[in-house]
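Chain by chain, the residues run as shown.
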Amino acid sequence: MIFTKICLLPLEPSRRLEFNLQLFAEGGDKTEEPTAKKRRDARKKGQVARSQELNAAFVMLMGFFVLRILWEFIYGNIAEYTIYTYSNLAEQGTSLESIRAIFLGVMLLFAKTSLPVMLGIMVIGLGINLFQVGLVVSTEKLEPKLDNLNPINGFGRIFSKRSLVELFKSILKIIIIGFFLYLYLKDQIPFMPYFIYYDLATSLTRIADIVFTLAFQIIAVIMVLAVADYAYQKWQTTQDLMMTKQEVKDEYKQTEGDPQIKGKIKQKQRQMAMMRMMQEVPKADVIITNPTHLAIALMYKPGMVAPLIVAKGQDVVAERIKRIAKDNRVPIVENKPLARALFHAVQVGDSVPQELYQAVAEVLAYVYKLKDKKLNRNSNAA
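Residues numbered from 1 in each chain as written. Predicted model: local features only at pLDDT ≥ 70, side-chain atom pairs only at ≥ 80, totals over all residues. Heavy atoms only, no water.

A. Region of the structure containing the pairing of strand β4 (residues 294–299). Of all 6 residues that make up β4, 6 are buried, and the element is covered over most of its length. Residue alternation in β4 divides its side chains into two sets, Leu294, Ile296 and Leu298 and Ala295, Ala297 and Met299, and both sets are buried. Note: strand β3 (residues 286–289) against β4, 4 bridges, orientation antiparallel. Its bridge partner being in β4, Thr289 is matched across the sheet by Ala295. Counting the residues that bridge the hairpin from β3 to β4 gives 4 residues. (Buried < 20%, exposed > 50% of the residue type's maximum accessible area, 1.4 Å probe, protein only. Helix = DSSP H or I, 4+ residues; strand = E, 2+ residues; numbered from the N terminus. Pairing = 2+ DSSP bridges.)

What follows is the structure, encoded as structure tokens:
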């Protein structure tokens, strides 16, 4: 790690003061991977990994593929209509009706021959966009921004790192495609002058073969470059969305809440639960203790299936339960095995489990017996 320091040198070098500027930049470096929320927010804004090269490669591939398949159909229809038009032009003349008929025929011919190509290009264009970014509807890129009119910002975008990368990619693509064009055409050019000796149909067929072969070779090269560009765009998008440690912390606070506030809320909830639990202790029939570390308050009323745990605690909480029980004259019974079993097996508000019925019943019977003796003594004394 490089530390940048500013040194203020007084007259005595031994008393030099040093300031570490690295401390001021702490958390400023974007070293953290973008979170899922960051990616979702960027996606809503239209900031997604998308390669124009991949779109262009697949559109060209589909266009030339459909042209290659339908070449004879397209060539046949164009040749047939051309022959028909020029053959009947002398008979029909150049009246307004004949010109209108020729124009409508050309429009119909254009629709019949180009519609399959255009449809194929549209389908592949939509498909490759869905593959890259899915279904994203965002108008933020269309919103006018005054910063775009600032010439300084404009120059900054022109000479930015991204623009230089795009320039390098374009030059590299021109060089590679030009190289493959040269490799292919250097063997074909010497034979092209002989096309003048062929009839028109043969010449067009030979030219079409050369064009389609050349096109598919170039498309293969562009496809390789497009795949590499798509990988680069994904990497670049991730780099643009990188976050600082402070941004990650702030986002966590926004989504999950401030840890300090959450801690205080939980503490307040525990305090309220403790208060409610202590309010139930005076209603208990008996407190079973460990005797010093554990205390469990049981309550049983007629109609209950089993006794209910109204409070429990250990150490300080146990002492508080016993103190409240003494103040309210709730019997306290020491039973170490039963206290441990109830403390670890039952939560506050739950009933006593069936396997502890017998032990709890003995304790309650003992408590009720003591209460009966006390009542009898009070009545005899009266």
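After that view, the rundown keeps rolling.
B. A look at a nonpolar patch on the surface. Taken together, the side chains of Phe191, Tyr194, Ile196, Tyr197 and Tyr198 present a nonpolar region at the surface, about 640 Å² in accessible area. You can see Ile196 is positioned in the loop between α6 (161–188) and α7 (200–240). (Patch = residues over 30% accessible without salt bridge, like charges linked within 9 Å, V, L, I, M, F, W, Y side chains within 5 Å. Areas by Shrake-Rupley, 256 points an atom, 1.4 Å probe, with all protein chains shown as cover. Salt bridge = Lys/Arg side-chain N within 4 Å of Asp/Glu carboxyl O.)

C. The arrangement of the side chain of Lys312 in detail. Structurally, Lys312 can be placed in strand β5 (residues 308–314). Buried and without a salt bridge, Lys312 has Asp350 as its closest oppositely charged side chain, separated by 7.7 Å. Looking at Lys312, its side chain comes within polar contact range of the main-chain oxygen of Phe343, at 2.7 Å. Among the polar contacts listed, one links the side chain of Lys312 to the backbone oxygen of Val346, at a separation of 2.8 Å. Those residues in contact with Lys312 that sit more than four places away from it in its chain are Met277, Ala295, Ile296, Val317, Ile321, Phe343, Val346, Gln347 and Val348. (Lys, Arg positive; Asp, Glu negative; His and termini not counted. Polar contact = N/O pair within 3.5 Å; in protein donor to acceptor, adjacent residues only side chain to side chain. Contact = heavy atoms within 4.5 Å.)

D. Inspection of the nonpolar core at higher detail. Within the largest apolar cluster, 18 residues are counted, with the highest numbers of intra-cluster contacts made by Val286, Ile288, Ile296, Leu298, Leu342 and Val360. Elements supplying a minimum of two residues to this core: β3, β4, α11 (336–345) and α12 (357–381). For Val286, the residues in contact, after removing those within four places along its chain, are Ile296, Ala297, Leu298, Val330, Pro331, Val333, Val363, Leu364 and Val367. Grouped together as the second largest cluster of nonpolar side chains are 15 residues, Val281, Ile287, Met299 and Ile321 included. (Core = buried A, V, L, I, M, F, W, Y, C linked by side-chain atoms within 4.5 Å.)

E. Region of the structure containing the sheet that holds β4. Strand order in the open sheet formed by 4 strands is β5-β4-β3-β6, and the pairing between neighbours is mixed. A single partner strand is all that each edge strand has here, and the edge strands are β5 and β6 (332–334). Within the sheet, the average angular offset between the axes of one strand and its neighbour, ignoring direction, is 20 degrees. The strands touched by helix α10 (residues 316–327) within the sheet are β3, β4, β5 and β6, with β5 carrying the most contacts at an inclination of about 125 degrees. Those strands touched by α11 are β3, β4, β5 and β6, and its axis lies near 80 degrees from that of β4. (Axes fitted to C-alpha atoms, helices over the stretch in contact; angles between N-to-C directions.)

F. Representation of the packing of aromatic side chains. Summed over all chains, the structure comprises 7 aromatic pairs. Between Trp71 and Phe212 the ring centres are 6.1 Å apart and the planes differ by 75 degrees, which places this aromatic pair in the edge-to-face class. With Trp71 in helix α3 (residues 71–92) and Phe212 in helix α7, this pair connects stretches of sequence that are 141 residues apart. Judged by its relative accessible area of 26%, Trp71 is partly exposed. Ring geometry for Tyr81 against Tyr84: centres 6.4 Å apart, planes inclined by 40 degrees, an arrangement best described as tilted. One end of the pair, Tyr81, and the other, Tyr84, are both in helix α3, 3 residues apart, so they sit about a helical turn from each other. For Tyr84, a relative accessible area of 48% translates into the label partly exposed. Over the face of the ring belonging to Phe343 we find Lys312, whose NZ or CZ atom lies 4.7 Å from the ring centre. (Phe/Tyr/Trp six-rings, centres within 6.5 Å; stacked < 30°, edge-to-face > 60°. Lys NZ or Arg CZ within 6 Å of the ring centre and 35° of its normal.)

G. Molecular detail of α11. Looking only at α11, the buried set comprises Leu338, Ala339, Leu342 and Phe343. For α11, the angular spread of the buried residues around the axis is 125 degrees, confining them to a single face. Of the residues in α11, the exposed ones pointing more than 90 degrees away from the buried face are Pro337, His344 and Ala345. For α11, the N-terminal capping position is held by Asn335, with its side-chain oxygen 3.2 Å away from the main-chain nitrogen of Leu338. (Arc of directions from axis to C-beta.)

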